[in-house]
Amino acid sequence: MTGEPRVRTVLGNIDPAELGVTNAHDHLFFASKLLPGQELDDPAAAAEELLHFKVAGGAALVQWTPYGLTRRTRELAWMSREIGVHVVAATGLHRAEHYAPTLLGRVVDDLVQVFVADLTEGTQPADLPDEPRTGPRAGLVKVAGAFHTIDAHARLTMTAAAVAHQETGATIAVHLELGTAALETVHLLCEQLDVPPDRVILGHLNRNPDVRIQREIAETGVFLGFDGPSRANHATDWRLFDGLEALVDAGHGGQILLGGDTTTAAARLVTGGGPGAPYLLSTLAPRLTKLLGGDVVTAMLVANPARAFATSWLE
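Chains are numbered independently. Their residues run from 1 in the order of the written sequence. Residues qualify for local features only when their pLDDT is at least 70, as the model is predicted, and side-chain atom pairs are given and counted only at 80 or more; totals for whole chains, interfaces and linings, by contrast, use all residues. Derived side-chain values reflect all non-hydrogen atoms in the structure, with water molecules and hydrogen atoms excluded from consideration.

(A) The packing of aromatic side chains, seen in detail. Each aromatic pair joins two rings of Phe, Tyr and Trp (for Trp, the six-membered one) with centres within 6.5 Å, and gets the label stacked for planes under 30 degrees apart, edge-to-face for over 60, and tilted for any other angle. The full count for this structure, using the stated rule, is 0 aromatic pairs. We count a charge as sitting over a ring when the NZ of a lysine or the CZ of an arginine lies within 6 Å of the ring centre and within 35 degrees of the ring normal. The side chain of R8 reaches across the aromatic face of W313, ending 4.1 Å from its centre.

(B) Inspection of helix α10 (residues 279-292) at higher detail. Going along the chain from the N terminus, every DSSP run of H or I of four or more residues is numbered as a helix, and every run of E of two or more is numbered as a strand. Here, expected helix span is obtained from the residue count minus one, scaled by 1.5 Å. Here α10 contains 14 residues, and its C-alpha end-to-end distance of 18 Å stays within 8% of the 20 Å for a straight helix at 1.5 Å per residue. Of all bends in α10, the biggest is about 35°, found at A285, and the proline P286 comes one to four residues later. Along α10, the positions that sit buried rather than exposed are Y279, L280, L281, L284, A285, L288 and L292. Backbone geometry just after α10 places G293 at a positive phi near 100°. The term bend refers to the angle at a residue between two fitted axes, each drawn through seven residues, those ending there and those starting there. Relative accessible area decides the class of each residue, using a 1.4 Å probe on protein chains only: under 20% of the type maximum gives buried, over 50% gives exposed, and in between gives partly exposed.

(C) Structural context of the sheet that holds strand β11 (residues 256-258). Read from one edge to the other, the open sheet built from 6 strands follows the order β6-β7-β8-β9-β10-β11, with strand pairing classed as parallel. Of all strands in the sheet, those with a lone pairing partner are β6 (90-92) and β11, marking the two edges. Between one strand axis and the next, the sheet turns by 30° as a mean value, whatever way the strands run. DSSP bridges decide pairing: two strands pair if at least two such bridges lie between them. Where strand β7 (residues 140-144) and strand β8 (residues 172-175) come together, 4 bridges link them in parallel fashion. Bridge pairing in β8 places V143 opposite V174. Residue contacts are defined here by distance: any two heavy atoms, one from each residue, within 4.5 Å place the two residues in contact. Angles run from 0 to 180 degrees between N-to-C directions of axes, and those axes are lines fitted to C-alpha atoms, restricted for helices to the stretch in contact. Where helix α6 (residues 182-192) meets the sheet, it contacts β8 and β9 (200-203), and its direction lies at approximately 160° from that of β9.

(D) Quick peek at helix α2 (residues 73-83). Taken together, the buried positions of α2 are occupied by T73, E75, L76, A77, M79, S80 and I83. In this structure, the buried side of α2 is in contact with α1 (43-55), β4 (60-63) and β5 (86-88). Downstream of α2 by one or two residues, G84 has phi in the positive range, about 85°.

Take a look at the structure:
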């Protein structure tokens, strides 16, 4: 890799120090056939949500919506510019269940090219594959594991993500299905495919709130994503604090990232009356500050994401 590390936002590369208070995993746009009627596909509502996040103290939001799930990168760019919040977009591919077979069939044999082009040339809508890549560049690769295993689809997408990392330097963010198969993911990406642990983010660790396994995951050196605090039925809020406290006490506070992971209209503040993107800063961060101290929480929201999403990009 060459050059100083930079975070690749939808408005261009920035110094990591400019990122500021970061929601490290959320969605302004997201639409899946698994969530009919809950699409996040309204630019006005997305802009209002981002504005509420800014008012709560947010300076950056990382959208983990990958290729083919309505990521709307052009809209992300104008919202970022108009509202004044840094936004990072994703390439990559989610679990196969989220996609129509026709879309998967069109890209499955050429995933590396799709990922690398999104990262280095520019993005395009999945339903317009022949359109010029005039959308902003993606700043990370998002892939997904299966429930308690790495199935064939996950192995395919993670392998493509690893090659894209080697060609570009991009960080790889992983959706862990209900927080499972974390160690299997690390084994594949870091041990078999040679991705450095500090270029891997494991998301949804709060959905499998076993403090012992979380400690074992942390010892591998990857970044630890705790996201989706609105999902109390997924054992998030009420066990999150014990898990984070245990990791900080064990010396892993520098690996923790916090996010909201708003994936449905019902969970969004402005359309569904849910916690939405601002909840991370308006409610969760103050409670964590009382438990862990302001410096620790500030690191989780500022210093850690600045390291996690910055890389010395290869063009």
